[in-house]
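Observations on chain architecture
Residues per chain, in single letters:
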Amino acid sequence: MHLGLAVLGVAMSWASPAQDAGDFKPAPTNVYGSQYPRVSADSRVQFQLVAPAARTVQVEMWGHPKMDLAKGADGTWTLTTPPVVPGFHYYNFWVDGMKANDLGSHAFFGALYDASGIEVPEKGVDYYLPRNVPHGQVREHWYRSSVTGAWRRAMVYTPPGYDTKNTRYPVLYLQHGAGEDETGWSRQGRANFIMDNLIAEGRAVPMILVMDNDYATRAGSVDVDTNKLPKDPEARNRSIHELADTFGDVVTRDLIPSIDSSFRTLTDRDHRALAGLSMGGMLAVPLALRHPDRFSYLGIFSSAPIEFFGGQLDIDTKKDFYGAFADPAAFAKRFHLLWLGIGTEEEPFIHDPALHFHAALDKAGIAHRFYQSPGTAHEWLTWRRDLHEFAPLLFRDKR
């Protein structure tokens with residue numbers, strides 16, 4: 001699995017055409033008053049850009065080839081796409097070869113920069129939308145890291161009623177993927193609405209979500225660029241391990257103590273979970289397996305963390321992963337849940353290692369849950385579904 005492509009190359013497939021095209025309406029991700037981009041009832045998208053002096057205009061929905069817009073007599077460029085898979089998609093314009101954001105759409109941090117994004121509504125699905133239920137809050141939590149020597153920001157979801165009750169809550173540490181940041185899970189992923197709705201339905205235990213930034217560099221060191229990792233296997237391995245080790249130290253030495261001192265948390269391992277998507281999942285695995293005294297639930301979304309352990313598909317469960325899988329009975333005592341999720345349409349370099357990892361765990365007799373999101377690729381709809389399925393399994397018998 002290539003770290004740099006784990007999130008930056010979000011794959012998007014075209015959906016099957018629907019019978020009823022319906023009317024086009026402004027996308028819910030548009031800025032106030034903007035009529036474009038627009039989405040039809042059958043999930044087609046209309047893009048528009050006013051650029052009279054431009055010679056060429058294209059739109060690139062990430063993971064899909066660039067598409068040409070047609071120029072009108074008034075200098076307005078337009079395009080209507082085939083139906084696309086519902087959910088959130090990053091995109092950008094190319095104007096005479098220069099990449100540009102769409103000023104009609106909100107921007108989302110997705111490739112180490114703010115990029116345009118569009119939400120294509122999913123018919124009959126509202127588990128990640130705001131409903132008429134009690135709502136929690138997403139707060140900014142700033143803390144000083146002794147590891148990086150800098151201030152860091154984590155986004156923290158507190159469940160409905162947090163400010164009116166004297167209750168302590170379990171905590172799920174939830175990590176983003178490569179190219180994204182700590183805002184991804186609440187902005188693109190709609191994690192707060194997913195949790196609000198699950199809690200209101202009685203399907204999930206009220207819990208705190210902590211969404212920190214995956215990137216961490218030790219004070220005085222040079223940043224590890226995950227998009228330009230060394231080609232030499234040994235140098236590449238050192239870079240990956242340095243990123244994981246530094247992030248792990250930030251979480252265990254700085255983040256967890258800061259969260260436990262600032263929020264009403266249940267501080268034992270039975271009430272602490274860790275999960276991540278793509279690169280965040282790869283980082284979560286060594287962190288959890290090396291600290292079973294801190295975490296007892298582990299979720300891996302669209303990530304087979306084989307690259308951290310040499311990058312080979314053949315996994316030796318007796319030796320790899322710090323020997324955590326050598327004794328299935330001992331692992332089951334240490335971890336209440338190991339959960340793997342993947343989209344059925346993921347690119348092979350992600351999908352195949354994930355299936356190998358699942359098969360290796362099965363062969364070794366390691367108890368785990370495996371979920372495949374139907375029809376989705378390496379995209380936020382996959383990870384919304386992951387969280388929707390994963391969260392109800394946490395802390396049920398640990399209150």
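Heads up: the structure comes first, above all this text.
These lines cover the structure that appears in this document, whether it is placed above or below.

Criteria and cut-off values
All residue numbers refer to position in the chain's written sequence, counted from 1. Under the rules for a predicted model, residues below a pLDDT of 70 receive no local features and side-chain atom pairs below 80 are neither given nor counted, while totals for whole chains, interfaces and linings still include all residues. Think of the side-chain values as coming from all heavy atoms in the structure, minus any hydrogens and water. Numbered from the N terminus, helices here are DSSP runs of H or I no shorter than four residues, and strands are runs of E no shorter than two. Exposure categories follow from relative accessible area, calculated using a 1.4 Å probe and restricted to protein chains: below 20% of the type maximum is buried, above 50% is exposed, and the middle band is partly exposed. We call two residues contacting when some pair of their heavy atoms lies within 4.5 Å. Residue exposure ignores everything except the shown protein chains as possible cover, and the areas themselves are Shrake-Rupley values with a 1.4 Å probe. By the counting scheme adopted, Arg and Lys are positive, Glu and Asp are negative, and His together with the chain ends is not counted. Salt bridge, as used here: a side-chain nitrogen of Lys or Arg that lies within 4 Å of a carboxyl oxygen of Asp or Glu. N or O atoms within 3.5 Å of each other form a polar contact, as long as, within protein, one can give a hydrogen and the other can take it, and as long as residues adjacent in sequence are counted only when both atoms are side-chain atoms. In this analysis, the protein atoms alone were mapped onto a 1 Å grid. Cavities are point sets where a 1.4 Å probe fits without being able to get out; pockets are open sets with protein on both sides within 12 Å along at least five of seven lines; lining residues have an atom within 4 Å of a point. Grid points are joined across faces, edges and corners, and a volume is the space filled by probe spheres set on the points. Classes in brief: Ala, Val, Leu, Ile, Met, Phe, Trp, Tyr, Cys and Pro nonpolar; Asp, Glu, Lys and Arg charged; the others, Gly included, polar. Criterion used throughout: strands pair if DSSP finds at least two bridges between them. Buried Ala, Val, Leu, Ile, Met, Phe, Trp, Tyr and Cys residues that are joined via side-chain atoms within 4.5 Å together make up what is termed a nonpolar core.

1. Observations regarding the overall build of the protein
Across its full length, the protein holds seven helices and 19 strands. The 399 residues of the protein split such that 56% are buried. Intrachain contacts of the protein at a sequence separation of at least 6 include 73% that bridge at least 24 residues. When the accessible surface of the protein is summed, it comes to about 16,400 Å², and 51% of that surface belongs to carbon and sulfur atoms.

2. With respect to the side chain of D181
Relative to the helices and strands, D181 is located in the loop between β14 (171-175) and α1 (184-187). Despite being buried, D181 has no salt bridge partner; R153 is the closest side chain of opposite charge, sitting 4.5 Å away. A polar side-chain atom of D181 sits 2.5 Å from a polar atom in the side chain of T183. Residue contacts for D181: discarding those within four places in its chain leaves F109, R153, H176 and N213.

3. Quick look at helix α7 (residues 380-390)
In terms of burial, α7 is largely enclosed, as ten of its eleven residues are buried. By the burial criterion, the buried members of α7 are W380, L381, T382, W383, R384, R385, D386, L387, H388 and F390.

4. A look at empty space enclosed by the protein
Counted according to the given criterion, the structure contains one cavity of 30 Å³ or more. The computed volume of the largest cavity comes to approximately 50 Å³. Around the largest cavity, the lining residues are I300, S302, S303, L340, G341, I342, A354, F357 and F370. For the lining of the largest cavity, the secondary structure elements donating two or more residues are β18 (337-343) and α6 (348-364). Taken together, the residues that form the lining of the largest cavity break down as six nonpolar, three polar and no charged.

5. Quick notes on the sheet that holds strand β1 (residues 25-26)
Across the sheet, five strands lie side by side as β1-β2-β3-β7-β6; this open sheet has antiparallel pairing. The sheet terminates laterally at β1 and β6 (70-71), the two strands that pair on one side only. Taken together, the two bridges between β6 and strand β7 (residues 76-80) define a ladder with antiparallel strand orientation. In the strand pairing of β7, A70 is matched with T78.

6. So, the side chain of R190
Residue position: R190 is located in the loop between α1 and α2 (191-200). With a relative accessible area of 14%, R190 lands in the buried category. The contact partners of R190, leaving out residues within four places of it in the chain, are E119, Y128, L129, W185 and R384.

7. Remarks on the pattern of salt bridges
Going through the model one piece at a time under the given rule, you end up with 19 salt bridges. Linking R384 and E119 is a salt bridge whose minimum nitrogen-to-oxygen distance equals 2.8 Å. Of this pair, R384 sits in helix α7 while E119 sits in strand β11 (residues 114-120); the two residues are 265 residues apart in sequence, bridging distant segments of the chain. A relative accessible area of 0% means that R384 is categorised as buried. A salt bridge links D249 to R253; its shortest N-O distance comes to 3.6 Å. Pair noted here: D249 and R253 are both in helix α3 (residues 233-262), with a separation of four residues, about one helical turn. A residue is classified by how much of its surface remains accessible, and D249, at 16% relative accessible area, is buried. Note on R253: relative accessible area 52%, which makes it exposed. Sharing partners across several salt bridges, the network here consists of D126, R131, E201 and R203.

8. Quick look at the nonpolar core
Soluble globular proteins tend to bury their nonpolar side chains together. In this structure, Y173, V210, L289, L298, F325, L338 and F357 are the most contacted members of the largest nonpolar core, which totals 51 residues. Elements that contribute at least two residues to this core include exactly β13 (151-158), β14, β15 (208-211), α3, α4 (279-290), β17 (297-301), β18 and α6. Among the elements that make up this core, the one with the highest residue count is α3 (nine residues). Setting aside chain neighbours within four positions, we find Y173 in contact with V210, L255, I256, I259, R272, A273, L274, A275 and F295. Residues Y127, Y128, A191 and M211 belong to the second largest nonpolar core, which totals 38 residues.

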